[in-house]
Amino acid sequence: MKIGLLGHGTIGGGVDQIIGGIEGMEVKSVVSLEVDDSFRDRHVNGIDDIVNDPEIDTVVEVMGGVEPAFTFVSKAMKAGKNLVTANKALVAAHYEDLIRLSEENGVSFRATASAGGSIPWLVNLSRAKRADTILELAGIMNGTTNFILSKMKNEGADFDETLREAQALGFAEADPSADIDGADIRRKLNISANIAYDVQIPEDSIDTFGIRNVTSQDIRNAAALGRTLKLAGFSGKTEDGIFAYVEPVLLPSEDVMAYIPSNYNLIRYRGAYAGIQSYVGEGAGRYPTAYNVVEDLFDILAGEKHFYTVTAVPAVPDNTAPVHRYYVRTSVITPGLLEMAEDRQDGYVITKPVSVRGMHSFIREQLIRDPAAFIAGIPD
Ligand SMILES: NC(=O)c1ccc[n+]([C@@H]2O[C@H](COP(=O)([O-])OP(=O)(O)OC[C@H]3O[C@@H](n4cnc5c(N)ncnc54)[C@H](OP(=O)(O)O)[C@@H]3O)[C@@H](O)[C@H]2O)c1
């Protein structure tokens, strides 16, 4: 297998190193903005050098972002090259296009590392669908926010201080918005739900609320309620369609998801036959992620010819279906909130069961009145 590597940063460098020790795989050419001595002799000027090289059969895209990544991988697939990517932004934005390109050109398309880093989640999800029906999926799918929430809980640290530490340790990026506002989880949930239910959900139709506003008082309030605060994605089948949302959640202490430490991820599905199956592992990082990219390359060598599904029916989540209570912390108590309230405590309200769509609409408006407001779902 001769590989064209697009991107030689954190993950690309790891992929290059791991492949260096594998017989039968070779990174022949590298496209990257910066060049260092480890690949100077294999650096090429641009995607056309890879597209026009008949020896290269597979492209690994680990540049990140939607463009120019999509233009590059489209050219490569049209030229008959298989695609492996770890890029969730690309897969979430161009899900149907990439599946179509793979089908039309008879090339493989794998993206296991795009949801869960090292965790063999997408491959097992697609495997599970063969004999089972996926009823629900859920997960802590972002190590940065889990690191922040775990540390706030265990050490009583405040949000800003913990975020700075996550940045210093390389878990959080200089601009942490995609992590703390939930967009990173939204993309991974999007890809997972698409595969689980054979649909194509527009990314922006997934209700999303992150942990930008979480305070150490929220963590203490959660503990007083006997619960643990996490940020997670949820999706499931309803009678008429599907639901999908990302939000902070107060998990009961006995839920295994409440125990997931530091920068680890847990992703699970509930199958009609298999029941709950959970996958835990390192959700990011150079070698864990690069490892899963290389596993995809082995799958291609073993003859995997497609993506995990070839069906992608357009679908918009119906988040009026899932209903549960919410923790709402806000300094501005509105008549609408009072109407929803089941219990009022010092500084926060516990609502009656309300729909996810209703609460996410409420918090979008409430942030205009109280920019520090915070919500978390309370599953039964
Ligand atoms: N980091 C993780 O833990 C992790 C986990 C799971 C998935 N991923 C995904 O893996 C992908 C790569 O992430 P990363 O952390 O490795 O990012 P990174 O360290 O920023 O590396 C990106 C690489 O792509 C190159 N690049 C960017 N734009 C380019 C362009 N227009 N033309 C040519 N080369 C270009 C960069 O070159 P320069 O260095 O010269 O800028 C760099 O070598 C992303 O899609 C990310 O979401 C990452």
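What you are looking at is a predicted structure, and each value in this text was computed from that prediction instead of being measured. (Residues numbered from 1 in each chain as written. Predicted model: local features only at pLDDT ≥ 70, side-chain atom pairs only at ≥ 80, totals over all residues.)

A. Examining the site of the ligand more closely. Taken together, 22 residues lie around the ligand, and Gly7, Gly9, Leu33, Glu34 and Ala284 are the ones closest in. Per-element tally for the shell around the ligand: the top contributor is helix α1 (residues 10–20), with three residues. Considering only residue class, the shell around the ligand consists of nine nonpolar, 11 polar and two charged. (Near = placed C-beta within 6 Å. Helix = DSSP H or I, 4+ residues; strand = E, 2+ residues; numbered from the N terminus. Nonpolar A, V, L, I, M, F, W, Y, C, P; charged D, E, K, R; others polar.)

B. Inspection of the sheet that holds strand β3 (residues 58–61) at higher detail. Ordered in space as β2-β1-β3-β4-β5, the five strands form an open sheet in which the pairing is parallel. What marks the edges here is a single partner per strand, and that holds for β2 (26–31) and β5 (109–110). Direction of pairing for β3 relative to strand β4 (residues 82–85): parallel, over a ladder of four bridges. By the bridge assignment for β4, Thr58 is matched with Asn82. Sheet contacts for helix α12 (residues 286–301): β3, β4 and β5; angle to β4, the most-contacted strand, approximately 155 degrees. (Pairing = 2+ DSSP bridges. Contact = placed C-beta atoms within 7 Å. Axes fitted to C-alpha atoms, helices over the stretch in contact; angles between N-to-C directions.)

C. Structural view of the domain arrangement of the protein. By domain assignment, the protein separates into domain 1 (2–110) and domain 2 (122–282). Relative placement of domain 1 and domain 2: their C-alpha centres are 28 Å apart. Counting only elements with at least two residues in the side of domain 1 that touches domain 2, the list comes to α4 (88–93) and α5 (95–105). (Domains from an automatic or database assignment.)

D. How the structure looks around the environment of Arg364. Within the fold, Arg364 resides in helix α14 (residues 356–369). Judged by C-beta crowding, with 11 C-beta atoms within 10 Å, Arg364 ranks as exposed. Along the chain, Arg364 and Ala115 lie 249 residues apart, while their C-alpha atoms are 27 Å from each other. (Buried ≥ 20, exposed ≤ 12 C-beta atoms within 10 Å, placed from the backbone.)

E. Expanded view of the pairing of strand β15 (residues 341–345). In terms of burial, β15 is a largely surface element, zero of the five residues being buried. In the sheet, β15 pairs with strand β16 (residues 348–351) via four bridges, with the strands oriented antiparallel. Looking at β16, one finds that Ala341 is bridged to Thr351.

F. Representation of the packing of helix α7 (residues 143–155) against helix α8 (residues 159–168) within the structure. For the pair α7 and α8, the least separation of the axes is 9 Å and the interaxial angle reads 130 degrees. As judged from the angle between their axes, α7 and α8 are oblique. The chirality of how α7 crosses α8 is right-handed. Along its contact with α7, which presents Thr144, Phe147, Ile148, Lys151 and Met152, the element α8 presents Phe159, Thr162, Leu163 and Ala166. In terms of residue class, the contact of α7 with α8 is made up of six nonpolar, two polar and one charged. (Parallel < 35°, antiparallel > 145°, perpendicular 65-115°, else oblique. Left-handed = near helix turned anticlockwise from the far one by under 90°.)

G. Local environment of the pairing of strand β14 (residues 323–329). Most of β14 is tucked away, with five of its seven residues classed as buried. Where β14 meets strand β17 (residues 354–355), two bridges bridge the pair, whose relative direction is antiparallel. Each residue of the ladder has a partner; that of His324, found in β17, is Val354. In this sheet, β16 lies alongside β14 in antiparallel orientation, the contact comprising two bridges. Among the inter-strand pairings, Tyr327 is bridged to a residue of β16, identified as Ile350.

H. Looking closely at α7. For α7, spanning 13 residues, the distance from its first C-alpha to its last is 18 Å, which sits close to the expected 18 Å at 1.5 Å a residue. Of all the 13 residues making up α7, 10 are buried; the element is thus mostly covered by neighbouring parts of the structure. For α7, the complete set of buried residues consists of Gly143, Thr144, Thr145, Asn146, Phe147, Ile148, Leu149, Ser150, Lys151 and Met152. Tucked into the core, α7 has its buried residues touching β6 (134–140), α8, α9 (177–180), α11 (216–224), β9 (227–237) and β11 (264–271). (Expected span 1.5 Å × (residues − 1).)

I. Looking closely at α5. Among the residues of α5, those classed as buried are Tyr95, Leu98, Ile99, Leu101 and Ser102. The buried residues of α5 occupy one face: seen down the axis, they fall within an arc of 160 degrees. Counted as exposed and oriented over 90 degrees from the buried face of α5: Glu96 and Glu104. Each element contacted by the buried residues of α5 is listed here: α3 (69–78), α4, β5, α10 (183–197) and β7 (199–200). Immediately downstream of α5, the backbone of Gly106 shows phi near 65 degrees, a positive value. (Arc of directions from axis to C-beta.)

J. Spatial organisation of the packing of α3 against α5. Taken N-terminus to C-terminus, the directions of α3 and α5 make an angle of 15 degrees; their axes are 9 Å apart at the nearest point. Relative to α5, the element α3 is oriented roughly parallel. The handedness of the crossing between α3 and α5 is right-handed. Each of Ser74, Met77 and Lys78 in α3 lies in contact with α5, whose residues at this interface are Leu101, Ser102 and Asn105. Split into classes, the residues belonging to the contact of α3 with α5 amount to two nonpolar, three polar and one charged.

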